[in-house]
Amino acid sequence: MKLIKKITYTLLFLSITHFSIAQTHNAYYQGIVDNCTLLSVTTNLNEFVNHGVKSVGSSEIDNAKNWLKAKYLSYGYTDIVEDTFTTGGSSTTNIVVTKVGLVYPNTYVIIDGHYDTINGVGANDNGSGTTLILEIAKQLANVPTEYSIKFINFSAEEIGLKGSQHYVNNVVNATNPKLDIRLVLNIDQIGGRSDMINDTIVCERDTDNQNGNDVASNLITDELIVCIGLYSSLSTEKSYAYSSDYIPFENNGEIITGLYEKNETLHSHSSTDVIANMDVNYLYEITKGATGAVLHFAVANQALSVEENILEEVKFFPNPAQYFINISSGNLGLKNSNIKLINLTGKIAYSKEVLNDVKDCRIPLVNVKSGVYLLELIINDNKKIEKIIVE
Ligand SMILES: [Zn+2]
């Protein structure tokens, strides 16, 4: 729901930006991005549109909600929560799907967009964002990531960001401790215009001077821009966030970024917001870029996927541990392995390289403070990580 024409700024300062993680083209990410298909995006978009006008309180939005749940189930997700609330006398539901990260399970990358519409079927606003989120969820279903991901389809955005505000108040802040959010990527209205050439996507950052999080939002948006460049054919422009579901998160102090079409539709919130008036190839390109961005933000890690098979017989014990942790490798052997004990802020408390062909080794804990750690063992690109409590 974006009615005011926006002023956008061409990105001039990319070369001086600092990135927290080196952002180079990643062949593993590219392989996943390449699995996104135009057919899958357009099929989902058609189904979304065919559910009709999805206004809060209607049977249409209820059917769309059930359709969304069925989609996530078909992709293999099991943690699908209906976050139901009442607004303006009507009950309505956000759909929240969680994918658990293998290294930082309690820190979340949120990718969200609204699925309610007003006055029309909302092909662009926000069928475009809804189908992008579905496609990313589909492609990432079996991809191991270090951070957890929440895919959220909000309701009641069009009547005042009610769904996202409800979620921030009643889930993010009501969780104890408060939900730890790495960043929020909001997707709203990315369909472009059928009567124009759509080759640029607007990347939105927080510029409101509230909560001291503008710098972090700017950095994350720069990372988003790099990902769009690496994994899609589109150019980018940087602009500011406003009037969509990231705003309640921003007001809560979270780090936000977003995607929004460069050529703004003339049809939002009307009966002519149909697929024929948007550009599905543009939506497909954005989907590829955003898939790369989510893989980057959640730190997809191929090594985590093979740990079960190859490093299954490796055991860490005891846990909790007091004086030492034993690493037993069964018949595998620990030759050329790398062992790290990492605290939850990422600091390495102990590290060791095993060069000899031994089956077992022992980590002394005399200089390690009590607390929760991740014990990481890497052998030949295979990684095993486990949470260890040091007493
Ligand atoms: Zn919208």
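Keep in mind that what you see is a predicted model, and the values were worked out from it rather than measured.

Caption draft 1: Geometry of the sheet that holds strand S11 (residues 337-343). Taking strand neighbours across the sheet as the criterion, the four strands line up as S12-S11-S14-S15 in an open arrangement whose pairing is antiparallel. Looking at strand neighbours, the two that pair on one side only are strand S12 (348-354) and strand S15 (382-390), the edges of this open sheet. Each adjacent strand pair in this sheet contributes to an overall mean axis angle of 15 degrees, direction not counted. As paired elements, strand S14 (residues 371-379) and S15 share nine bridges and run antiparallel to each other. Along S15, the bridge assignment pairs leucine 377 with lysine 384.

Caption draft 2: Representation of the domain arrangement of the protein chain within the structure. The domain boundaries assigned to the protein chain delineate domain 1 (14-301) and domain 2 (304-390). A straight line from the C-alpha centre of domain 1 to that of domain 2 covers 36 Å. Listed by partner, the interface residues are eight residues for domain 1 and six residues for domain 2. Across the domain 1/domain 2 interface, buried area totals approximately 620 Å², and carbon plus sulfur atoms make up 64% of it. Connecting domain 1 to domain 2 are one salt bridge. Between lysine 383 and glutamate 146 there is a salt bridge, and its shortest N-O distance comes to 3.7 Å. Viewed at the interface, domain 2 and domain 1 are joined by zero residue pairs in polar contact (both at pLDDT 80 or more).

Caption draft 3: Spatial organisation of the nonpolar core. Ranked by size, the top nonpolar core spans 66 residues in total, and within it Tyr72, Tyr77, Ile111, Leu132, Leu140, Phe151 and Leu259 carry the most contacts. A per-element tally of this core places helix H8 (residues 280-297) first, with nine residues. Counting contributing residues per domain, this core is built from domain 1 (14-301) and domain 2 (304-390), each supplying no fewer than three. Leave out the neighbours within four places in its chain, and leucine 140 touches Ile32, Tyr77, Lys99, Ile149, Thr291, Val294 and Leu295. Residues Leu334, Ile363, Leu375 and Val390 belong to the second largest nonpolar core, which totals 21 residues.

Caption draft 4: A look at the packing of aromatic side chains. Throughout the structure, instances matching the rule amount to 10 aromatic pairs. Arranged with centres 6.3 Å apart and planes meeting at 50 degrees, the rings of tyrosine 28 and tyrosine 29 form a pair that is tilted. Among the residues examined, tyrosine 29 registers a relative accessible area of 9% and is labelled buried. Ring geometry for tyrosine 104 against tyrosine 147: centres 4.6 Å apart, planes inclined by 25 degrees, an arrangement best described as stacked. Separated by 43 residues along the polypeptide, tyrosine 104 in strand S3 (residues 104-114) and tyrosine 147 in strand S4 (residues 147-154) bring together distant segments of the chain. There is no split in this pair, since tyrosine 104 and tyrosine 147 are both buried. Here the aromatic cluster, defined as three or more aromatic residues joined through ring pairs, consists of Tyr28, Tyr29 and Tyr231. In this arrangement the basic side chain of arginine 182 is found over the ring face of tyrosine 147, its NZ or CZ atom lying 4.1 Å from the centre. One cation-aromatic arrangement involves arginine 362 over phenylalanine 324; the distance from NZ or CZ to the ring centre is 3.7 Å.

So, how was this worked out
- Residues numbered from 1 in each chain as written.
- Predicted model: local features only at pLDDT ≥ 70, side-chain atom pairs only at ≥ 80, totals over all residues.
- Heavy atoms only, no water.
- Pairing = 2+ DSSP bridges.
- Helix = DSSP H or I, 4+ residues; strand = E, 2+ residues; numbered from the N terminus.
- Axes fitted to C-alpha atoms, helices over the stretch in contact; angles between N-to-C directions.
- Domains from an automatic or database assignment.
- Contact = heavy atoms within 4.5 Å.
- Buried area = accessible area lost by both parts, 1.4 Å probe.
- Salt bridge = Lys/Arg side-chain N within 4 Å of Asp/Glu carboxyl O.
- Polar contact = N/O pair within 3.5 Å; in protein donor to acceptor, adjacent residues only side chain to side chain.
- Core = buried A, V, L, I, M, F, W, Y, C linked by side-chain atoms within 4.5 Å.
- Buried < 20%, exposed > 50% of the residue type's maximum accessible area, 1.4 Å probe, protein only.
- Phe/Tyr/Trp six-rings, centres within 6.5 Å; stacked < 30°, edge-to-face > 60°.
- Lys NZ or Arg CZ within 6 Å of the ring centre and 35° of its normal.

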